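# Structural overview for review
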Amino acid sequence: MQRRWIWAAAAAVAVFVGAYVASPYWAARQLRIAAASGDTDGLEQRVDFPAVRASLKSQLTVIITQKMNDDANLKNNPFAGLGMMLMPTIINNMVEGFVTPDAIATMATQGKISKQSKPAGDTPPVSYVYGYRGLDRFGVGIKNDKAPTDRKLTFVLDRRGLFTWRLVRIEIPAEILKQPA
(Lines give C-alpha, C1' and ligand atoms only; values in the text may rest on other atoms or scores of the structure.)
Protein backbone atom coordinates (compact mmCIF):
# COMPACT_ATOMS: atom_id res chain seq x y z
CA MET A 1 0.00 0.00 0.00
CA GLN A 2 2.77 2.40 0.91
CA ARG A 3 4.53 1.63 -2.35
CA ARG A 4 1.47 2.83 -4.30
CA TRP A 5 1.56 6.17 -2.49
CA ILE A 6 5.22 6.62 -3.34
CA TRP A 7 4.52 5.88 -7.02
CA ALA A 8 1.51 8.20 -6.99
CA ALA A 9 3.55 10.99 -5.40
CA ALA A 10 6.39 10.45 -7.89
CA ALA A 11 3.92 10.53 -10.78
CA ALA A 12 2.35 13.75 -9.45
CA VAL A 13 5.78 15.39 -9.15
CA ALA A 14 6.69 14.27 -12.69
CA VAL A 15 3.45 15.71 -14.09
CA PHE A 16 4.03 18.99 -12.22
CA VAL A 17 7.63 19.29 -13.48
CA GLY A 18 6.57 18.40 -17.01
CA ALA A 19 3.83 21.03 -16.98
CA TYR A 20 6.19 23.58 -15.45
CA VAL A 21 8.82 23.01 -18.16
CA ALA A 22 6.31 22.78 -21.05
CA SER A 23 4.22 25.82 -20.05
CA PRO A 24 6.19 28.43 -22.08
CA TYR A 25 5.93 26.30 -25.22
CA TRP A 26 2.17 26.11 -24.68
CA ALA A 27 1.99 29.88 -24.03
CA ALA A 28 3.96 30.62 -27.22
CA ARG A 29 1.66 28.32 -29.17
CA GLN A 30 -1.42 30.05 -27.76
CA LEU A 31 0.07 33.44 -28.66
CA ARG A 32 0.65 32.26 -32.25
CA ILE A 33 -2.88 30.86 -32.49
CA ALA A 34 -4.39 34.10 -31.18
CA ALA A 35 -2.26 36.10 -33.64
CA ALA A 36 -3.14 33.90 -36.61
CA SER A 37 -6.87 33.95 -35.87
CA GLY A 38 -7.00 37.69 -35.19
CA ASP A 39 -8.16 37.10 -31.60
CA THR A 40 -7.57 40.56 -30.14
CA ASP A 41 -8.83 39.58 -26.68
CA GLY A 42 -6.55 36.56 -26.66
CA LEU A 43 -3.56 38.70 -27.59
CA GLU A 44 -4.39 41.27 -24.93
CA GLN A 45 -4.39 38.48 -22.31
CA ARG A 46 -0.99 37.21 -23.45
CA VAL A 47 0.84 40.52 -24.00
CA ASP A 48 1.98 43.04 -21.38
CA PHE A 49 1.62 46.06 -23.67
CA PRO A 50 3.21 48.66 -21.31
CA ALA A 51 6.31 46.44 -20.91
CA VAL A 52 6.57 45.82 -24.67
CA ARG A 53 6.25 49.55 -25.37
CA ALA A 54 8.92 50.45 -22.80
CA SER A 55 11.24 47.81 -24.23
CA LEU A 56 10.82 49.05 -27.80
CA LYS A 57 11.32 52.67 -26.77
CA SER A 58 14.64 51.89 -25.11
CA GLN A 59 15.82 49.71 -28.02
CA LEU A 60 14.93 52.30 -30.65
CA THR A 61 16.53 55.11 -28.64
CA VAL A 62 19.81 53.20 -28.48
CA ILE A 63 19.74 52.20 -32.16
CA ILE A 64 18.87 55.68 -33.46
CA THR A 65 21.34 57.43 -31.14
CA GLN A 66 24.08 55.10 -32.33
CA LYS A 67 23.16 55.72 -35.98
CA MET A 68 23.18 59.49 -35.41
CA ASN A 69 26.56 59.35 -33.65
CA ASP A 70 28.07 57.19 -36.41
CA ASP A 71 26.83 59.42 -39.25
CA ALA A 72 29.63 61.78 -40.32
CA ASN A 73 27.15 64.21 -41.93
CA LEU A 74 25.34 64.76 -38.62
CA LYS A 75 28.46 65.49 -36.54
CA ASN A 76 28.81 68.99 -37.99
CA ASN A 77 25.11 69.61 -38.52
CA PRO A 78 23.73 72.30 -36.18
CA PHE A 79 20.28 70.67 -36.28
CA ALA A 80 21.60 67.33 -34.98
CA GLY A 81 21.27 68.57 -31.40
CA LEU A 82 17.66 69.53 -32.03
CA GLY A 83 17.04 66.09 -33.49
CA MET A 84 18.56 64.47 -30.40
CA MET A 85 16.30 66.59 -28.17
CA LEU A 86 13.16 65.69 -30.11
CA MET A 87 14.06 62.02 -30.57
CA PRO A 88 12.50 60.73 -27.30
CA THR A 89 9.19 62.41 -28.09
CA ILE A 90 9.16 61.11 -31.65
CA ILE A 91 10.06 57.56 -30.55
CA ASN A 92 7.46 57.68 -27.78
CA ASN A 93 4.68 58.71 -30.15
CA MET A 94 5.78 56.23 -32.81
CA VAL A 95 5.87 53.26 -30.40
CA GLU A 96 2.60 54.21 -28.70
CA GLY A 97 0.82 54.23 -32.05
CA PHE A 98 2.56 51.12 -33.32
CA VAL A 99 2.32 48.55 -30.51
CA THR A 100 -1.17 47.22 -31.08
CA PRO A 101 -2.65 43.72 -31.18
CA ASP A 102 -2.71 43.87 -34.99
CA ALA A 103 0.99 44.79 -35.24
CA ILE A 104 1.98 42.05 -32.78
CA ALA A 105 -0.16 39.57 -34.71
CA THR A 106 1.64 40.54 -37.93
CA MET A 107 5.04 40.12 -36.27
CA ALA A 108 4.06 36.72 -34.85
CA THR A 109 2.60 35.34 -38.07
CA GLN A 110 4.76 37.01 -40.74
CA GLY A 111 8.08 37.55 -38.95
CA LYS A 112 8.30 41.18 -39.95
CA ILE A 113 7.41 44.60 -38.65
CA SER A 114 4.29 46.07 -40.17
CA LYS A 115 1.49 48.13 -38.71
CA GLN A 116 -1.18 46.48 -40.87
CA SER A 117 -1.71 42.81 -41.41
CA LYS A 118 -1.96 41.27 -44.87
CA PRO A 119 -4.73 38.96 -45.99
CA ALA A 120 -4.45 35.41 -44.66
CA GLY A 121 -3.65 33.97 -48.11
CA ASP A 122 -0.53 36.15 -48.43
CA THR A 123 1.27 34.83 -45.33
CA PRO A 124 4.98 34.12 -45.96
CA PRO A 125 6.66 31.01 -44.56
CA VAL A 126 7.89 31.64 -41.03
CA SER A 127 10.31 29.65 -38.85
CA TYR A 128 10.18 29.63 -35.05
CA VAL A 129 13.02 28.83 -32.64
CA TYR A 130 12.16 28.30 -28.98
CA GLY A 131 14.39 28.31 -25.93
CA TYR A 132 14.68 29.14 -22.28
CA ARG A 133 16.75 32.20 -21.37
CA GLY A 134 16.45 31.51 -17.68
CA LEU A 135 14.05 29.80 -15.32
CA ASP A 136 11.46 32.57 -15.70
CA ARG A 137 12.31 33.90 -19.18
CA PHE A 138 11.65 32.29 -22.55
CA GLY A 139 12.51 33.41 -26.08
CA VAL A 140 10.74 32.77 -29.37
CA GLY A 141 12.77 33.64 -32.45
CA ILE A 142 10.57 34.49 -35.43
CA LYS A 143 12.16 34.48 -38.86
CA ASN A 144 10.47 35.25 -42.15
CA ASP A 145 12.04 32.61 -44.41
CA LYS A 146 12.09 35.02 -47.37
CA ALA A 147 13.94 37.77 -45.47
CA PRO A 148 17.72 38.00 -44.95
CA THR A 149 19.07 35.91 -42.09
CA ASP A 150 19.93 38.91 -39.90
CA ARG A 151 16.32 40.07 -39.64
CA LYS A 152 14.95 37.75 -36.95
CA LEU A 153 12.53 39.14 -34.39
CA THR A 154 12.53 37.68 -30.90
CA PHE A 155 9.55 37.60 -28.57
CA VAL A 156 10.55 37.35 -24.91
CA LEU A 157 8.03 35.92 -22.47
CA ASP A 158 8.23 36.18 -18.68
CA ARG A 159 6.71 33.76 -16.21
CA ARG A 160 3.80 35.15 -14.20
CA GLY A 161 2.93 32.58 -11.56
CA LEU A 162 3.65 28.88 -11.99
CA PHE A 163 2.27 28.23 -15.47
CA THR A 164 1.33 31.63 -16.92
CA TRP A 165 3.56 33.49 -19.37
CA ARG A 166 3.21 36.95 -20.96
CA LEU A 167 5.03 38.66 -23.80
CA VAL A 168 7.08 41.48 -22.25
CA ARG A 169 9.68 42.31 -24.88
CA ILE A 170 10.15 42.23 -28.63
CA GLU A 171 13.79 42.33 -29.64
CA ILE A 172 14.34 44.03 -32.97
CA PRO A 173 17.78 43.72 -34.58
CA ALA A 174 19.37 46.97 -35.73
CA GLU A 175 19.63 45.51 -39.25
CA ILE A 176 15.88 45.90 -39.69
CA LEU A 177 16.23 49.68 -39.51
CA LYS A 178 19.11 49.68 -42.01
CA GLN A 179 17.19 47.97 -44.80
CA PRO A 180 13.64 48.43 -46.07
CA ALA A 181 11.14 45.80 -44.90
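## Quick look at the overall build of the chain
A tally of helices and strands in the chain yields seven helices and four strands. Each helix and strand of the chain, ordered N terminal to C terminal, gives the series α-α-α-α-α-α-β-β-β-β-α. Residue burial in the chain is summarised as follows: out of 181 residues, 35% are buried. For the chain, the share of sequence-separated contacts (at least 6 apart) that also reach a separation of at least 24 residues comes to 51%.

## A closer look at a nonpolar patch on the surface
Together, Val13, Phe16, Val17, Val21, Tyr25, Tyr132, Leu162 and Phe163 make up a nonpolar patch on the protein surface, roughly 700 Å² of accessible area in all. No other element matches helix H1 (residues 2-37), which puts five residues into the nonpolar patch. Relative to the assigned elements, Val13 resides in helix H1. Using a relative accessible area of 52% as the deciding quantity, one classes Val13 as exposed.

## Details of the pattern of salt bridges
One pass over the full model with this rule turns up seven salt bridges. The closest approach of N and O atoms between Glu96 and Lys57, which form a salt bridge, is 2.7 Å. A residue pair is termed long-range when its members are at least 10 positions apart, and Glu96 in helix H5 (residues 80-98) and Lys57 in helix H3 (residues 49-70) qualify at 39 residues. Classification of Lys57 by relative accessible area gives partly exposed; the value is 21%. Arg159 is the partner of Asp136 in a salt bridge, and the nearest nitrogen-oxygen pair spans 3.0 Å. Of this pair, Asp136 sits in the loop between strand S1 (126-134) and strand S2 (137-144) while Arg159 is found in strand S3 (residues 153-159), placing the two residues 23 residues apart along the sequence. Note on Asp136: relative accessible area 40%, which makes it partly exposed. The network of salt bridges with common partners includes Arg53, Lys57 and Glu96.

## Section: the packing of aromatic side chains
In this structure the tally under the stated criterion is eleven aromatic pairs. Centroid distance Tyr20 to Phe163: 6.5 Å. Interplanar angle 75 degrees. Geometry classified as edge-to-face. Of this pair, Tyr20 sits in helix H1 while Phe163 is found in the loop between S3 and strand S4 (165-171), placing the two residues 143 residues apart along the sequence. Judged by relative accessible area, which is 38%, Phe163 ranks as partly exposed. Note on Tyr25 and Tyr132: the rings are 6.4 Å apart at their centroids and 75 degrees apart in plane angle, and the pair reads as edge-to-face. In this pair, Tyr25 is assigned in helix H1 and Tyr132 in strand S1, connecting sequence segments 107 residues apart. On the accessibility criterion, Tyr25 (37% relative accessible area) is partly exposed. Cation over ring: Arg159 sits above Tyr20, and NZ or CZ is 3.8 Å from the ring centre.

## Here's the deal with the pairing of S2
When you tally the buried positions in S2, you get seven out of eight residues, the bulk of the element. Pairing of S1 with S2, which is carried by eight bridges, proceeds in the antiparallel orientation. From the neighbouring strand, Ser127 faces S2, where its bridge partner is Lys143. Connecting the antiparallel pair S1 and S2 is a turn made up of two residues.

## Brief notes about empty space enclosed by the protein
Any empty space left between the atoms is revealed when a probe the size of a water molecule rolls over them. All told, the structure shown has one cavity of 30 Å³ or more when counted by the stated rule. Put simply, the largest cavity is a space of about 50 Å³. For the largest cavity, the full set of lining residues is Ala28, Leu31, Arg32, Ala108, Tyr128, Val140, Ile142, Phe155 and Leu157. At the level of secondary structure, the elements contributing two or more residues to the lining of the largest cavity comprise H1, S2 and S3. Considering every element that reaches the lining of the largest cavity, the biggest residue donor is H1, with three residues. Its residues assigned to classes, the lining of the largest cavity comprises eight nonpolar, no polar and one charged.

Scoring rules and cut-offs
Residues numbered from 1 in each chain as written. Predicted model: local features only at pLDDT ≥ 70, side-chain atom pairs only at ≥ 80, totals over all residues. Heavy atoms only, no water. Helix = DSSP H or I, 4+ residues; strand = E, 2+ residues; numbered from the N terminus. Buried < 20%, exposed > 50% of the residue type's maximum accessible area, 1.4 Å probe, protein only. Contact = heavy atoms within 4.5 Å. Patch = residues over 30% accessible without salt bridge, like charges linked within 9 Å, V, L, I, M, F, W, Y side chains within 5 Å. Areas by Shrake-Rupley, 256 points an atom, 1.4 Å probe, with all protein chains shown as cover. Salt bridge = Lys/Arg side-chain N within 4 Å of Asp/Glu carboxyl O. Phe/Tyr/Trp six-rings, centres within 6.5 Å; stacked < 30°, edge-to-face > 60°. Lys NZ or Arg CZ within 6 Å of the ring centre and 35° of its normal. Pairing = 2+ DSSP bridges. 1 Å grid on protein atoms, 1.4 Å probe; cavity = no way out; pocket = protein on both sides within 12 Å on 5 of 7 lines; lining within 4 Å. Points joined across faces, edges and corners; volume = space filled by probe spheres on them. Nonpolar A, V, L, I, M, F, W, Y, C, P; charged D, E, K, R; others polar.

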